[in-house]
Amino acid sequence: MVKFTAEELRRIMDMKHNIRNMSVIAHVDHGKSTLTDSLVAAAGIIAQEVAGDVRMTDTRADEAERGITIKSTGISLYYEMSEKSLKQYKGQRDGNEYLINLIDSPGHVDFSSEVTAALRITDGALVVVDCVEGVCVQTETVLRQALGERIRPVLTVNKMDRCFLELQVDGEEAYQTFQRVIENANVIMATYEDPLLGDVQVYPEKGTVAFSAGLHGWAFTLTNFAKMYASKFGVDESKMMERLWGENFFDPATKKWTTKNTGSATCKRGFVQFCYEPIKQVINTCMNDQKDKLWPMLSKLGIQMKSDEKELMGKPLMKRVMQTWLPAADALLEMMIFHLPSPATAQKYRVENLYEGPLDDQYATAIRNCDPEGPLMLYVSKMIPASDKGRFFAFGRVFAGKVSTGVKVRIMGPNYVPGEKKDLYVKNVQRTVIWMGKRQETVEDVPCGNTVALVGLDQFITKNATLTNEKEVDAHPIRAMKFSVSPVVRVAVQCKVASDLPKLVEGLKRLAKSDPMVVCSIEESGEHIIAGAGELHLEICLKDLQDDFMGGAEIIKSDPVVSFRETVLEKSCRIVMSKSPNKHNRLYMEARPMEEGLAEAIDDGRIGPRDDPKVRSKILAEEFGWDKDLAKKIWCFGPETTGPNMVVDMCKGVQYLNEIKDSVVAGFQWASKEGALCEENMRGICYEVCDVVLHADAIHRGGGQVIPTARRVIYASQLTAKPRLLEPVYMVEIQAPEQALGGIYSVLNQKRGHVFEEMQRPGTPLYNIKAYLPVIESFGFSSTLRAATSGQAFPQCVFDHWDMMMSDPLEAGTQASTLVADIRKRKGLKEQMTPLSEFEDKL
Amino acid sequence: MDFETNYEIEDTADFIHRRNFSRVALQFPDELLKDSMRVVGALRDKLQLLKESGSETQRDGAKEVRLFVMADATYGSCCVDEVGASHSDGECVIHYGHTCLSPSSTLPAFFVLGKASVDASKCAESLSNYASTSGKPVLVLYGLEYAHAISHIQDVVVSVLSSLNASTSTCEYHFADVASRVTDPPKLCENSENLRPDCDCDTSCEGVTSGFTGSIGGLIWSLPKGSKMEDYSLYWIGSENSAFANAVLTFNGCEIVRYDVEQGCLMTDLSLQRKILKRRYYLVEKAKDANIVGILVGTLGVAGYLNMIHQMKDLITAAGKKAYTFVMGRPNPAKLANFPECDVFVYVSCPQTALLDSKEFLAPVITPFEAMLSFSRGREWTGAYVTKFWDLIDSPLPDVRHDPEEARFSLIQGRYVEDFSSKENVEEEEENGRVVALSATMEKALQLRDKSTTMITSNGKGATSGAEYFATRRTYHGLDMYHDSGSTVEPFLIGRSGKASGYEGERNKPDTEAKN
C-alpha cells in the first residue's frame, strides 16, 4: 500500500531543488493535523478513505484522545508530479519527483516551543486559518515567529465545509469572510519587510492562498479553476486567475466582465460565479442524494467515479466526490512546490539568521550554497523519544554537507564558545534515520537540505545542538532558537516511594530532553521542580514523566507554583549602612526602582554586561534619562550576571574601592538571586553604592568581610525601599459567541483578570476578548471557563509581563504578606521575615 | 543532683589513678566552664585520697598528678581536643559535657557525660503508649546526658508491661547502650578495644547472637538476626540537638519520634528533620557542578581524619576537580567567604559538627559522605546516609577514569554539563606529570584573560583552579606593577585618619547625606 520506498526517497534527497521542507502552523483546532493527513494520504501512507479521520501525525495516545497535537511530528513524503502540472513552474528542478519534508506542529500556545523547533528546520510554512474563526492569537504568534526565522508562508483558508454545510452563507458573504482572513494575515506579514525574502504577503490570484476542507480532504487554489475556465474564455491562466479574485464581476446574461457590480441580478463576482457556486452546487446535490442530477454534472466536470463509490449516500458521497474533483493534496502540493522555496533557494538568505560565525567562512558559504560536498553543518532542533524506552532520536536538519551512519561528529551544545572546550563532544553517529509516517527507515547518509533523525547522540544533547565533522574545529555553532513562551508555571514532584529517587532523577533528565521548553531542576529546599509554559503543558509533562520515563513509578506532585519576583516601589527612605563582621568596614547603599522598560531591555539583551560601555551609556542616557557618566559606573548585573538588577557605583574618592568591587559583586549576585522577602529573584532594582569605609589593612577588608556585608546591606536597602512582589501575568485571548460573554466576564472578575480589548469578528457572531490574568489564578481557568460558558469559550494564555502587587508585604495581614509567608513556608524558611535590624547597623 | 555525682568525680579519679596518668587535661565546653574550678578541686582531693590508699607499688611510682583545664576548643566541643591537650603535654583527656564519642587518635580519653534530670515514669509511660500504637518493635535511643536514667526507665517500662500483660505482649523494646566511656587511641590498645569501638561485636552483650549491630553517637545496640533497621520505630529521648539530627539523617528510612524531656511530651511532627535530608540532597546536586573544592579540616583528633583528607583529595582530583585544603578551626561565613574561588567545601569532622547548615555561607559545606556521592559518577543517592567519616574510609574509590559514557545531567542547571577537566587534566597529569598540567592550566588562564570581558559574563562553567579564577574572575589583581607611565601623575590624596571603628569626620556623615 505504501507507494514509495526508502531507496526512492533517498535518491531524491540529492536533488536539492526538488525538496521542500515545510511546517504546518496554525491556531489550535484550525485543522492542521487533519489537513496534513490528506497530504500523507496522497503519498500513499494511509488509505484515501480514512484521510481526515486518522490524524497520522498525532502519534501519541493522549494526542488522539484529546484531539490536539502535542508534539511536532515530521514526515518525509514523496510525490511524482505530472509534466503538465509543472509546465508553469519557472524555478530550477530536476525531473518531476519531489520530496516534501513536512512537520505538523501543535497549535496550543502551551506547546509553542514545539513550533519554534519545527520552524528552525523548515524553509516554508503552510499557515492554516479557520475560515470562520479567522486569524487568532496563536496564528499571529507563530506567523511572526516564522517570519522572524525568514520562513516563507503560504496560506490556506480551511474548514470550507463549514461555510457550505453549517453556515450556509451565500457566495458574496463567504467571499468577504475569506477576503478578511487573508487581509488580516497580510497585515501581520506586511510588517516584515525583508529585501532578501521579498514580498511575503499572500494573494489568491497568485496562487499562494488555497481554500481547503481538511476534514473532507478537498482543496483548491484559483489555479485549479483558472485552468478549467481559461480555455473556455480563451484567455491565459494567469489572466483568468486575476479575474477569479478581487473586484471582478461577470454577468452571464451579458457575458461581460466588469470591475464593478452592475447591479443586475445575474451579475456576480468572479470568485462566486466560477468557484464558490459550482462547489456549492455539487455539495448540495450530493447531500440531497440527487444522483440523477449529480452524474451528468460530474461527467461535465470530468470526474470519474468508481462503481462502488456510486453506491455511497449523503456525506460520504459528497466527501468522495469532492476528493475526486478537487483532491486536497494536489492543490496544496502544487502551491507548496510552486511557491515555497527549496533548501537551495532558502539557505541563500537564511544563512544570516542561522550562522553565528563570520558570514564569509567556509561554513557560511557551504550553508549558503547548500553544498553537499561542503563541511557538515547540522542543527538538532529537538529530541524525539524512541521506541526503546529512555533513548532518543536527535531530530534536525542538515544545512551543509552530508551526515552518514558511523561518522564522527563534533557536538556543539548551546553553551559552546568557539575555541573553548566546554559543551563540546566528539561522538559517532550510530545510525541515520528518516521518518516515513509512523515508521523509521535507516539510510546510509542524508545530504544537506533534508531533515534527519540521528541515533546514538542522545546522551550528549540536552535539547539542541549544532553538529559538524570531527575535524572542523573552527566552525561556529548555528544560532540557538528563541522561544516565544517562557516556563512560568512550576510544580514540585517527589516519588511516593523514597527509594524511587534515582528513577525520578533519570526520568527528569529524559523529560528535559523530550520537550524543547520544559525545565527540570532542583530547588534550594531539595525539591524537584518541573517548569512549563502552562497548565496543559505541565499536565502532559507529568504524564510523560510518570508513564514513559519512570516506568509507571508513582509520583506525588504539588499544586502548581508560580515564581514571583521581588522589587521595590520607591527609593530607599534613607541611606542604609551595614558593618562587616569585624566591624571595621562599612558599606552605605540605597535601592531604587529601575526606570520603566529598563528591566525589559535587560531581559531582551539590549542592555547587558557584554555591551560596549559607550553604546550602553547612549541607550541609558537617551531612553532612560541616565547621566552619561553614571552609565559607565555600572558594576554588574544580577542574578546570574545578566539579570535585571544592577549595582551602580556612586562613591566619590573612596580608597581601595576597586579592591572590594569583586566582593560586592559576589554579594550582590547572591542577594539578587534570593531576595529578602521570600528568597525569590529580584527584578528591576538598582542598587547605588553611596559610600564605603574600609579598614586600612587589606587583610581586614577581604572577601570574607565584604561579601556577607554586601549581601546584608543590599537586603537592608531593599527593605527600606518599600519592597513589593511582582507576579507573572498572562495575556488571555478568548473567542466566544455573544451569549457566552457574560460567563467569561464573571469568571475573569472572579480570577482577578481584566479585559482590555473586546472586538466582534466582522462577519461572524464571534467575539474576541483579550484580557490580563495573573498566572497564579490561571490554574483551572480553562475548565471554569468552559463550565461557565457551556463549553463555548476556549482560552489561550501566554505569559505577558510582570505585574506589581500593590499590597505591602511588610504589613501583616495583607495579601502580599500572606503570599510571602506561604512561599517561605514552602521553601522551608522561617515563616517570619528577617527584620531590617538584622541587616542594618548603626554607627 | 549532687555535684560530685554529676561530674562523676569518683570514676574520673579512679580512671586517672588506675592508668597512672600524671598530666591530665580537662576539657570543658563553654557552658560548663564556670564549674571547672570546683571540679579540679574535687578531683584533686579525690586523687589524693586514692593515692594514699593505693598499694605500695603504685605509691612508689606515683607522681603528683597535674590537672589542666582546657576551654574554647578549636573545633567542635563535642570532640576531644587532642591538640589542645598536647600543648600541656597531657597524657589523657577528661571530656565534660555533650560529646559525639568519636574515637580519638593519639590520647586516651574519659568522657563525663553529665546527668540531666528526667522524669522516668512519665517518660516510660509515653514510651509504652507509643509502643502500643506503633505496631513495630521500638528501639530506644537517647541523648548521652540521659544515659544514667535509662536503666531506671527500662525497669519502669518492664513493670508497666507486666501489669498490662495481655494487651502489650506484642510490643517489643530494645534499648541502646552507651558504647564505652573510655576511648583509647588505636595503637595503645591492641587487645581491649579497637579503632572503631562501635563496630566490633561487643562481647559484654548478654548472649544475644547479634544479626545487626547499630551504632550512632556513642550508642550501640544489636538487633536480632534477620531484622533490619527499617523494621523498627525509633524513640529518641532528649532535646533537638545535633545528635538527634544525626540520628534522623542516618535512619531516614525509619519512623522516628522524639520525647522532649523538658516539656515532657512526645514530638511526632518531624517534617523539619525530613527537610534537612532534602536540603542535603540539594547540596549534593550542587556539589556535582563544582570545579574547585575546598577541604575543611574540622578535626585534628578524630581517628583516621588524615586518611579521610587524603581520600577526599584523591576523590576530588579523580573527578577532575581541583582540591585545596584549609585548616581554619571552626568555619563561619566570614572565614569561608575569603575563598570565593571554592564552589563547595567538604568538612571533615566528627558526625555531629559536620552537618553544617550552610544557608548563610557563600558556598555550601558538605560532609565526606555527600562528597563521595557527588564526586563519583554513577553513584546515586539511595536514601542511605552515613555521617561518620571513618565508616567511609574503607569504601573503594570508584573508577572514574573510564571515558564517561554519558554527559552528566545537572539538575541545578537543568541541562547536560560536562566535566571537561576530567577528560583533560587527569590524563595530562598522568602522562606528562604535574608540571605540564600546571603549565597547560596556566596557559589556558592566560589565554582566557585576553577575553576577560567575555569570561566574566559567561555564566556557564567557572574557573577550574585558583590561578584561573584569579586571572579571569577577579578584576582587582593587586597593585599594578606596570602602571602606564604616560598618564599624568595624580596628586596624592589625604586618606582617612582616626580609629577603624569610626574614622574622623565619618560619624555624622549619614545625617548630612540624608539631608542632601
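Just so it is clear, the structure is predicted and the values come from calculations on it, not from any experiment.

Some thoughts on the overall build of chain A
Moving on, step 1. The helix and strand inventory of chain A stands at 27 helices and 36 strands.
Moving on, step 2. Relative to the globule expectation of 28 Å for 843 residues, the C-alpha radius of gyration of chain A, 30 Å, shows essentially globular dimensions.
Moving on, step 3. Principal-axis analysis of the C-alpha atoms gives chain A an extent of 105 × 65 × 60 Å.
Moving on, step 4. Each of the 843 residues in chain A was classed as buried or not, and the buried ones make up 62%.
Moving on, step 5. Summing over all exposed atoms, chain A offers an accessible surface of approximately 31,600 Å²; the carbon and sulfur share of this is 50%.
Moving on, step 6. The average position of the 103 basic charges and that of the 114 acidic charges among the side chains of chain A differ by 2 Å.

Digging into helix α20 (residues 613-624) of chain A
Residue and element names in this part refer to chain A.
Moving on, step 1. Taking 1.5 Å per residue, 12 residues should reach 16 Å; α20 reaches 15 Å between its end C-alpha atoms and fits that length.
Moving on, step 2. Every buried residue of α20 is listed here: Arg616, Ser617, Ile619, Leu620, Ala621 and Phe624.
Moving on, step 3. Against α19 (598-603), α21 (628-631) and β29 (634-638) lie the buried residues of α20.

Things to note about the environment of A:Gly171
Residues and elements named next belong to chain A.
Moving on, step 1. Relative to the helices and strands, glycine 171 resides in helix α7 (residues 171-190).
Moving on, step 2. Each C-alpha atom of the pair glycine 171 and arginine 368 lies 46 Å from the other, and the pair is 197 residues apart in sequence.
Moving on, step 3. With sequence-adjacent residues up to four places away left out, glycine 171 is seen in contact with Val272, Tyr276 and Glu277.

Here's the deal with the sheet that holds strand β14 (residues 292-297) of chain B
All names here are of chain B.
Moving on, step 1. Read across the sheet, four strands follow the order β15-β14-β16-β17 without closing on themselves; strand pairing throughout is parallel. Of all strands in the sheet, those bounded by a partner on one side alone are β15 (322-327) and β17 (365-366).
Moving on, step 2. Strand direction decides the pairing type here: strand β16 (residues 344-348) and β17, joined by two bridges, are parallel. The residue bridging phenylalanine 345 from the neighbouring strand is valine 365, located in β17.
Moving on, step 3. Along the sheet, helix α10 (residues 305-318) makes contact with β14, β15 and β16, crossing β14 at roughly 180 degrees.

So, the packing of helix α2 (residues 9-19) of chain B against helix α3 (residues 36-53) of chain B
Residue and element names in this part refer to chain B.
Moving on, step 1. Between α2 and α3, the shortest axis-to-axis distance is 9 Å and the interhelical angle comes to 55 degrees. Between α2 and α3, the crossing angle belongs to the class labelled oblique. Remark: the crossing between α2 and α3 carries right-handed chirality. For the pair α2 and α3, contact is made by Ile9, Glu10, Thr12, Ala13, Asp14, Ile16 and His17 and by Val39, Ala42, Leu43, Lys46, Leu47, Leu50 and Lys51, respectively.

Comments concerning unusual backbone geometry
All names here are of chain A.
Moving on, step 1. Of note, the amide linkage connecting glycine 638 to proline 639 takes the cis form, showing an omega dihedral of 0 degrees.
Moving on, step 2. Of note in the backbone geometry, arginine 150 takes a positive phi value of approximately 60 degrees without being a glycine.
Moving on, step 3. Its location among the elements puts arginine 150 in the loop between α5 (137-148) and β5 (152-158).
Moving on, step 4. In this structure arginine 150 comes out as buried when scored by relative accessible area, which is 11%.

Remarks on a negative patch on the surface
Residues and elements named next belong to chain B.
Moving on, step 1. The grouping of Asp2, Glu4, Glu10 and Asp45 at the surface amounts to a negative patch.
Moving on, step 2. For glutamate 4, the position within the fold is in helix α1 (residues 3-6).
Moving on, step 3. Judged by relative accessible area, which is 36%, glutamate 4 ranks as partly exposed.

Observations concerning the sheet that holds strand β4 (residues 109-112) of chain B
All names here are of chain B.
Moving on, step 1. Taken together, five strands build an open sheet; the order of strands is β2-β1-β3-β4-β8 and the sheet is mixed. Each edge of the open sheet carries a strand with a single partner, namely β2 (66-70) and β8 (182-183).
Moving on, step 2. Two strands pair when backbone bridges link them, and β4 and β8 are joined in this way by two bridges, in the antiparallel orientation. Bridging from a neighbouring strand, alanine 109 pairs with threonine 183 of β8.
Moving on, step 3. In the packing of α3 onto the sheet, contacts are made with β1 (23-27), β2 and β3 (92-96), and the angle to β2 comes to roughly 160 degrees.

Focus on the pattern of salt bridges
Moving on, step 1. Scanning all chains against the criterion turns up 50 salt bridges over all chains.
Moving on, step 2. A salt bridge links A:Arg10 to A:Asp445, with the shortest nitrogen-to-oxygen separation between them at 2.8 Å. Of this pair, A:Arg10 sits in helix α1 (residues 6-13) while A:Asp445 sits in strand β18 (residues 445-447); the two residues are 435 residues apart in sequence, bridging distant segments of the chain.
Moving on, step 3. With a shortest N-O distance of 3.8 Å, A:Glu674 and B:Lys359 are connected by a salt bridge. Residue A:Glu674 is located in the loop between α22 (657-673) and β31 (681-682), and its partner B:Lys359 is located in the loop between α12 (351-354) and β17; the two belong to separate chains. The pair A:Glu674 / B:Lys359 is uniform in exposure class, with both members buried.
Moving on, step 4. Because the salt bridges share partners, they merge into one network encompassing A:Arg120, A:Asp123, A:Glu149, A:Arg350 and A:Arg397.

Details of the confidence of the model for chain B
All names here are of chain B.
Moving on, step 1. Averaged over all residues, the pLDDT of chain B equals 73, while 72% of them reach at least 70.
Moving on, step 2. In the model, residues 420-433 has pLDDT below 50 throughout and makes 25 contacts with residues more than four positions away in sequence or in other chains.
Moving on, step 3. In this model, residues 446-460 is a region of pLDDT below 50 whose contacts with residues beyond four sequence positions or in other chains number 22 contacts.
Moving on, step 4. Taken over the whole predicted complex, pTM reads 0.79, whereas the ipTM for its chain interfaces reads 0.77.

Focus: the packing of helix α11 (residues 291-301) of chain A against helix α13 (residues 314-325) of chain A
All names here are of chain A.
Moving on, step 1. Where α11 contacts α13, the axes come no closer than 12 Å and their chain directions differ by 10 degrees. With respect to their mutual orientation, α11 and α13 come out roughly parallel. Mapping the contact onto sequence places Lys291, Leu294, Trp295, Leu298 and Leu301 in α11 and Leu317, Val321 and Trp325 in α13.

About the thresholds
- Residues numbered from 1 in each chain as written.
- Chains lettered and ligands numbered in written order.
- Predicted model: local features only at pLDDT ≥ 70, side-chain atom pairs only at ≥ 80, totals over all residues.
- Heavy atoms only, no water.
- Helix = DSSP H or I, 4+ residues; strand = E, 2+ residues; numbered from the N terminus.
- Rg over C-alpha atoms; globule rule 2.2 N^0.38 Å.
- Buried < 20%, exposed > 50% of the residue type's maximum accessible area, 1.4 Å probe, protein only.
- Areas by Shrake-Rupley, 256 points an atom, 1.4 Å probe, with all protein chains shown as cover.
- Lys, Arg positive; Asp, Glu negative; His and termini not counted.
- Charge placed at Lys NZ, Arg CZ, Asp CG, Glu CD.
- Expected span 1.5 Å × (residues − 1).
- Contact = heavy atoms within 4.5 Å.
- Pairing = 2+ DSSP bridges.
- Axes fitted to C-alpha atoms, helices over the stretch in contact; angles between N-to-C directions.
- Parallel < 35°, antiparallel > 145°, perpendicular 65-115°, else oblique.
- Left-handed = near helix turned anticlockwise from the far one by under 90°.
- Patch = residues over 30% accessible without salt bridge, like charges linked within 9 Å, V, L, I, M, F, W, Y side chains within 5 Å.
- Salt bridge = Lys/Arg side-chain N within 4 Å of Asp/Glu carboxyl O.
- pLDDT = per-residue confidence, 0-100.

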